[in-house]
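Analysis of the macromolecular model
Below are the chains, spelled out letter by letter.
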Amino acid sequence: MAHHQMKTRAHMAALAAMTVLATLGAAAAAQAETNIKLVLNWKYQGPQGLLFLAEDKGYFKEEGLNVTMDQGNGSGAAVPLVANGAYDMGFGDINALIEFAAKKPEDAPVGVFMMYNQPPFTVAVKADSPIKTPADFAGHTLGGAANDGALKLFPAFCSITKTDCSTVEVTNMQPNLREQMLMKGQVDGVFGYVNTIRFSAKLIGVDPDKDIRFINYGDYGMDLYSNAIIVSKTFVKEHPDAIKGFLRALNKSVKDAIKDPEAAVASVKARESLIKTDVERERFDATLADEMAHPEVVKIGLGDIDEARLAKSIDILVNANSLPRTPTVGEVFDRSYLPAKSELLTSVK
């Protein structure tokens, strides 16, 4: 009996020791997790399911990452927030990054995964507007959010289309008022991303195919890249392996989202119950088709860039905006953190 009690006590002591070790191990693992703060491009919308699925499916955790994703105030706004250390990463406009790198190279973030490889930038006008081409902008009022990517690129658009925009009045507005102000005639045109305007118009009962005309930058020679995952210089220096892990997780998440768009939109709905699922699913599909399906994806894979194309984009922005210096392609984008080329998607359909 005494022998049995001793064995039982020894067994319980062993179990207790194992529990303590497991607890310590879990605590160590938790401590070993790398925290990442990421600012999104915008408020919650369907395409952000491309990122959220990585969290919901545990892909970030598998890589030892604890990722926090906050809503943003425009793709351009993500760049200074990452540069000043408020965030480690952002889902931001590479063109805003180019401008930042030209002015403050020592603080500029770097792109590591090109998500939107087609230019979504546009000026939207009412379908019955006299504005049909950039040449018609003169004497009109155009409005946009202060950090809007298309607004920031407007000087370059005027330059490349040889349009005198000196008589164009540009006014700032709250992003949520953009489509209403356009339709009420309070401005003659608005800046934005095509699909942001298109689906925001739908949400207020406007048919964008009948009631709105889009003057797209890409139709006038501005074959620019758009939104990428960008990383701060500090995070690059201190956590290079975490960046690789993040991109592995993201790459898996993007593949899953494209296979199952409904799951991607559901992951957005879980974070913002007020979104309209049908509209956001449509926005998701349109984003794939209009912003992520550049023909180069077949050759280089989704996430990478064509260096000659990015170099041309840099030159367009530097010349149009009279920037103080020309950043190199390597300053703007570093492909060394990407998953192996064989792992990247070669189609988003």
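This text goes with the structure placed above it.
The shown structure was predicted, so the numbers you read here are calculated from the model rather than taken from an experiment.

Glancing now at the packing of helix α2 (residues 49–56) against helix α12 (residues 240–259). Here α2 crosses α12 at 110°, and the two axes come no closer than 8 Å. Judged by the inter-axis angle, α2 sits roughly perpendicular to α12. At the point where α2 passes α12, the crossing takes the right-handed sense. Residues Gly49, Leu50, Leu51, Leu53 and Ala54 of α2 lie in contact with α12, whose contacting residues are Phe246, Ala249, Leu250, Ser253, Val254, Asp256 and Ala257. Residue classes in the contact of α2 with α12 are distributed as 9 nonpolar, 2 polar and 1 charged.

Turning to the pattern of salt bridges, a few remarks are in order. Any two side chains of opposite charge can pair, so long as their charged atoms come close to each other. The full count for this structure, using the stated rule, is 20 salt bridges. Note that Arg283 is salt-bridged to Glu280, the shortest N-O span being 2.7 Å. Here Glu280 and Arg283 lie together in helix α14 (residues 277–291), a separation of 3 residues that amounts to about one turn.

Before going further, it helps to spend a moment on the environment of Ile197. Topologically, Ile197 is positioned in helix α9 (residues 194–203). On the basis of relative accessibility, which here comes to 0%, the residue Ile197 falls in the buried class. The residues contacting Ile197, other than those within four sequence positions of it, are Thr122, Ala124, Arg178, Glu179, Val190, Phe191, Gly192, Ile212 and Phe214.

Reading the values: rules and limits
- Residues numbered from 1 in each chain as written.
- Predicted model: local features only at pLDDT ≥ 70, side-chain atom pairs only at ≥ 80, totals over all residues.
- Heavy atoms only, no water.
- Axes fitted to C-alpha atoms, helices over the stretch in contact; angles between N-to-C directions.
- Helix = DSSP H or I, 4+ residues; strand = E, 2+ residues; numbered from the N terminus.
- Parallel < 35°, antiparallel > 145°, perpendicular 65-115°, else oblique.
- Left-handed = near helix turned anticlockwise from the far one by under 90°.
- Contact = heavy atoms within 4.5 Å.
- Nonpolar A, V, L, I, M, F, W, Y, C, P; charged D, E, K, R; others polar.
- Salt bridge = Lys/Arg side-chain N within 4 Å of Asp/Glu carboxyl O.
- Buried < 20%, exposed > 50% of the residue type's maximum accessible area, 1.4 Å probe, protein only.

Honestly, that's just the spatial picture; any functional story needs more than this.
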